[in-house]
Structure formats: C-alpha cells, structure tokens
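Letter by letter, the chains look like this.
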Amino acid sequence: RLVPCGIRLVPVKSLGDRELIYMYRPEKLRRDLREQGARDILREKRYPTEDPERCVVELVRRLNRGKDFPHEIGLFLGYPAEDVSGFIRHGARCAKCVGTWKVYGDEESARKKFALYQKCTRLYCEAYRKHNNLDRLLVRTHGPAISGGFSFGAGCGIIGIVKRKRGAVKWKNRTSSGRLKKQ
C-alpha cells in the first residue's frame, strides 16, 4: 500500500517490544541528497554518496551501532544541509532558532517550514481521529512536487517508533510534536 504512494518504510532498530522505523519518499530523498551541501557532509562522514539507497543502508548500520543518533540524520529527514552542518560544528550552541530542528542558516525559511510541519501534523492527526485509518492518510505523489503523508509533506522522511501491544499499534513521530495512535 505504501509503494504506489511513493513511500518506503524501513525498520531501523529493534527496541524490545518497539521498533524504530524510517519512513521516507525515495524520490525526495534522492533530490535532497544530490544537493552539494548534503553530498559534502555525507562524503565527509564516509557515506556511499553515489546511491541514496546505500546511504539509507549505511544510516541504518550507524543507528544500530550506537545508542545516539548520528548528526547527519537530519539530511535524511529533509533538514537543510546548512543547518545539519551547523549542528555538527556547534552542537546545540549558537542556533538562531529552534523548531523541528536547530537552525544555523536561513531562519525565515526554517520558520515557514516549521509552521508547515505543524499544520501538516495537526491536519493528519485530525484526519486520523476522524477516520481512525492510516490508509486514509496516504497521499500519492505526482511529478516533482511531494505532498502529504504522515506530517512529512515538506520533508523527505520521518523517524518514529512503532509499539505493538495486544494488537495495538502506536506511532510516535520523532520529528515533530504530532502523534498518531491506533488503539
């Protein structure tokens, strides 16, 4: 059901009764990782930059190797390379503003994206509460513009946790304040 909508779901790490997953749009990720700033960061971190899918495999390997998220994960979530680079250099210090991520570059553009992400999250949570059906939230992509899908309408992916408990699935979006729950 996800493939026709241009979405891929990758289990990243088992956490006992939970699973860390990465959900993304391969076409959007491919475009994002082709940008020079992203390529420079990934090359410096020794990712196989010639193939975005191999980059995802390497990211999964790194996530399983340590307990912390590698800083370059922001590139896989649609964060601007300038902000990912700023976070790698400065950590949590010196950010111009903080929203979905820490901003070191274009603050105005980031604030607009934060507002868009919050709106997407709110609309998808409302739609889920109304329909109680994750399938109703899937949106196909058409052409170069990417739209909709689990509050990553303007980004290429999200990281979340799926918890199974007596047939229930609980989704926690780790890149925004929204939560989608199926009980």
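The rules behind these values
Residues numbered from 1 in each chain as written. Predicted model: local features only at pLDDT ≥ 70, side-chain atom pairs only at ≥ 80, totals over all residues. Heavy atoms only, no water. Helix = DSSP H or I, 4+ residues; strand = E, 2+ residues; numbered from the N terminus. Buried < 20%, exposed > 50% of the residue type's maximum accessible area, 1.4 Å probe, protein only. Areas by Shrake-Rupley, 256 points an atom, 1.4 Å probe, with all protein chains shown as cover. Pairing = 2+ DSSP bridges. Phe/Tyr/Trp six-rings, centres within 6.5 Å; stacked < 30°, edge-to-face > 60°.

Okay, the overall build of the protein chain next. Looking only at helices and strands, one finds 6 helices and 7 strands in the protein chain. Starting at the N terminus, the α and β elements of the protein chain follow one another as β-β-α-α-α-α-α-β-β-α-β-β-β. Looking at the protein chain as a whole, 44% of its 183 residues are labelled buried. On the protein chain, roughly 10,400 Å² of surface is accessible, and the fraction owed to carbon and sulfur atoms is 49%.

On to the pairing of strand β1 (residues 8-15), then. Relative to strand β2 (residues 18-24), β1 is paired through 7 bridges, and the arrangement is antiparallel. Residue pairing across strands places V10 opposite Y22, the latter belonging to β2. Turn length for the β1-β2 hairpin, with the two strands adjacent in sequence and antiparallel, is 2 residues, and the turn residue G16 shows positive phi of about 75 degrees.

Before going further, it helps to spend a moment on the packing of aromatic side chains. Centre-to-centre distance and the angle between the planes together describe a pair of aromatic rings. What the rule picks out here adds up to 6 aromatic pairs. Measuring from centroid to centroid gives 4.8 Å for W101 and F114, while their planes differ by 75 degrees, and the two rings are edge-to-face. Taken together, the positions of W101 in the loop between β3 (97-98) and β4 (102-103) and F114 in helix α6 (residues 107-131) put the pair 13 residues apart, joining distant regions of the chain. The exposure class of F114 is buried, given its relative accessible area of 9%.

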